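Letter by letter, the chains look like this.
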Amino acid sequence: MFKNNKTSLAIIAALSGFTLVGCGGGSSMDTTPTPIPTTPTAPPISSTPTWTAGVFEQSNDLKNFCETPRTGNDPFNNNAPYPDQVGSALYEKLWLRSWSDETYLWYDEIADNDPESFATVADYFAQLKTEQLTDSGAKKDNFHFSEPTEDYFQEAQSGVTSGYGINWAFIGDSADRILRVAYLEDGSPASQIGFQRGDTVLSVDGVSITTNTESGIDTLNEGLFSPTNGDSHTIVVQSNDGAEKTFNVTAGNIEQTPVQNVKTITTANGSNVGYMQFNSHISIAQEGLIDAVNKFKADRVDELVIDFRYNGGGLLALSAQLAYMVAGSANVQNRFYYQTQQNDKQLVDSPFPFIDEEIDYSTFFSTGETLPDLNLSKVYVLSTSDTCSASEAFINGLKGIDAEVILIGDTTCGKPYGFTPTHNCATTYYTIQFSGVNNQGFGEYAAGFSPTPTPQFNADVQGCKIEDDFDHQLGDSNEAVLATALFHVENGSCPIRTATAAKAEPVSFSNTQESLAPLNVSTQFTQRNMDLTWPTLSEEK
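From a predicted model like this one, the values you see are computed outputs, not experimental measurements. (Residues numbered from 1 in each chain as written. Predicted model: local features only at pLDDT ≥ 70, side-chain atom pairs only at ≥ 80, totals over all residues. Heavy atoms only, no water.)

Turning our eyes to something else, we now look at the state of the cysteines. Using the criterion set out here, one finds three disulfides in the structure. Each disulfide pairs two cysteine sulfurs, and for cysteine 388 the partner residue is cysteine 413, the sulfurs being separated by 2.0 Å. Here cysteine 388, found in the loop between strand S22 (378–383) and helix H10 (390–399), pairs with cysteine 413, found in the loop between strand S23 (404–409) and strand S24 (417–418); they are 25 residues apart in sequence, far enough to count as distant. When its relative accessible area of 22% is taken as the criterion, cysteine 413 is described as partly exposed. Linked covalently through their sulfurs, cysteine 464 and cysteine 494 form a disulfide whose S-S length is 2.0 Å. Disulfide cysteine 464 to cysteine 494: torsion about the S-S bond roughly -95 degrees, handedness left-handed. Note that cysteine 464 is positioned in strand S29 (residues 460–465) and cysteine 494 in the loop between helix H11 (480–491) and helix H12 (497–500), a separation of 30 residues in sequence. Under the relative-accessibility criterion, cysteine 464 is labelled buried at 1%. Disulfide partners in the protein, listed by the sequence order of the bonded cysteines, are 1-4, 2-3, 5-6. (Disulfide = S-S within 2.5 Å. Helix = DSSP H or I, 4+ residues; strand = E, 2+ residues; numbered from the N terminus. Buried < 20%, exposed > 50% of the residue type's maximum accessible area, 1.4 Å probe, protein only.)

Below, the discussion takes up helix H7 (residues 285–298). Between its first and last C-alpha atoms H7 spans 20 Å; for 14 residues at 1.5 Å apiece the expected length is 20 Å, and the two agree. The inward-facing, buried residues of H7 contact strand S14 (259–266), strand S15 (272–278), strand S16 (303–307), helix H8 (316–327) and strand S20 (357–360). (Expected span 1.5 Å × (residues − 1). Contact = heavy atoms within 4.5 Å.)

Mapped onto the elements, histidine 488 comes out in helix H11. For histidine 488, a relative accessible area of 7% puts it in the buried group. Note: C-alpha distance between histidine 488 and isoleucine 406 (82 residues apart in sequence) is 9.0 Å. Not counting chain neighbours up to four residues away, the residues in contact with histidine 488 comprise Tyr380, Ile406, Cys464, Ser493 and Cys494. A polar contact of 2.9 Å, which involves the side chain of histidine 488, links it to the side chain of tyrosine 380. (Polar contact = N/O pair within 3.5 Å; in protein donor to acceptor, adjacent residues only side chain to side chain.)

Time to look at the sheet that holds strand S27 (residues 434–437). Judged by pairing direction, the sheet is antiparallel, and its four strands sit side by side in the order S19-S18-S27-S24 without closing on themselves. Only two strands of the sheet have a single partner each, and these edge strands are strand S19 (352–353) and S24. As defined by bridge partners, S24 adjoins S27 across two bridges and the pair is classed as antiparallel. When the bridges of S27 are listed, glycine 418 appears paired with phenylalanine 434. Packing against the sheet, H8 makes contact with strand S18 (336–341) and S19, and its axis sits at approximately 155 degrees to S18. Across the sheet, H10 is in contact with S18 and S27; its angle to S18 comes to roughly 120 degrees. (Pairing = 2+ DSSP bridges. Axes fitted to C-alpha atoms, helices over the stretch in contact; angles between N-to-C directions.)

Our focus in this paragraph is the packing of aromatic side chains. Per the counting criterion, the structure on display carries 25 aromatic pairs. Consider the rings of phenylalanine 65 and tyrosine 91, whose centres lie 4.6 Å apart with planes at 20 degrees: the pair is stacked. Of this pair, phenylalanine 65 sits in strand S1 (residues 65–66) while tyrosine 91 sits in helix H2 (residues 89–103); the two residues are 26 residues apart in sequence, bridging distant segments of the chain. Both residues of the pair, phenylalanine 65 and tyrosine 91, belong to the buried class. Here arginine 97 stacks its cationic end above the ring of phenylalanine 56, 4.0 Å away from the centre of that ring. It is lysine 415 that lies over the ring of phenylalanine 143; its NZ or CZ is 5.0 Å from the centre. (Phe/Tyr/Trp six-rings, centres within 6.5 Å; stacked < 30°, edge-to-face > 60°. Lys NZ or Arg CZ within 6 Å of the ring centre and 35° of its normal.)

Axis angle and axis distance: for two packed helices, these are the angle between their axes and the distance between the axes, and together they describe the pair. The contact between H8 and H10 brings their axes to 9 Å, and the two run at 40 degrees. The orientation of H8 relative to H10 falls into the category oblique. Regarding H8 and H10, the two cross each other, and that crossing is right-handed. Along its contact with H8, which presents Leu316, Ser319, Leu322, Ala323, Val326 and Ala327, the element H10 presents Ala390, Ala393, Phe394 and Leu398. For the contact of H8 with H10, the class distribution of residues is nine nonpolar, one polar and no charged. (Parallel < 35°, antiparallel > 145°, perpendicular 65-115°, else oblique. Left-handed = near helix turned anticlockwise from the far one by under 90°. Nonpolar A, V, L, I, M, F, W, Y, C, P; charged D, E, K, R; others polar.)

Functional significance is not addressed by these values, which are geometric in nature.
Laid out in structure tokens, this is it:
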């Protein structure tokens, strides 16, 4: 069922064309007149689709026939008319069915259920995936989701999301109800009124974090994870110094700051260590990454620490750019970064290279500008179980060219899978479409990359295991994970304390006798993705 595309040299023009359409396309030089809005037209009666078990129409013949078609022009596609036509929920379901059969990595493990048996399109899509389990008993596919297309483009092109600018972290399971601030977006409402990393939630709008009533859980879910723009909520937290703080915070459109805390740290033995916190592989991160690398070059850093602790993934292309900026051409030596493995219905992609050029992510074309690089053969990566997807591809891609990756923190999430976001009828769908391997043919890290002083298996990475430290701010040399990396820089080994250190205890709710229901964390909060949308580089123009 799978193809190892390692040896293929074919360039798939269809993929490049799709990604340009899917990401806005066009250029600033486009002189095409603004189209006149069109009214959706109904399909002929004779073309009304039907479901027959085991028989699949081409997905392209079913695409854009919508139950509620949009009218007017698409601001994310050069103001072109929306492609929507009058259709039905059945049309949308059958498109999802055919598209999944064509592209899903494990398409032969999808049950072909009657779409009319499902009340909504969303309900039908939710079961278009494998129900198989891994050897450990975990679900094989935990990365199946959708979102409004408008939200997708807002975040992908401008980094804008809705909320307070707080990135939360559960300590343990969400049912444990220990929720702390992991980091804040720069300039966000939450950062401006005094929230800090490590703050632990006590209550929301007067409802205790330990409530188990249905109405109370609804209040927590809305106030913490899905506030409506313009609405204010009162959140009480306990700070790291033990003090209780009450904040009234208003939700709004938040511009993400994917690159933060860029600094050069001088160790006791005189080594210059570059540090940056990298939160998301979204297109607006490119400028911040280039600025960071230029700073590190000017500071003549000897070592580099990249903090991937909360980076759930994103654009594989941006990951390939960062890997190039770390290693440089002398270490890359024309070896490839990533080779997809898709199902046996798909054409074979050529291997994806390390990218040494700046990309105009509004068009997905190279600008022709060469990226700066540090020419390093070693990099330190700080990790947690939230380090996923494109972040893991960075680790694997560098290991594939024998660069030394030192992993400090916890085992990564284990997502060697990805997809090309696909839009239909105002919804963007994500379904696993590929896995991938590095230049040495390795890609089996579904259980994550694990830091260890004594690697034994391919998914083991030289490094030190240590708990995340919420009692210090990110970028602080005394923060335990960064401090461990700095110790390793100076000594070439893990500090003994990492083996015996006790985890810092946040607020404890252990006196609660009742078993707590897990909170309903939103998709945007939990999604871990790798986006295969690939740019056209100078040599391909």
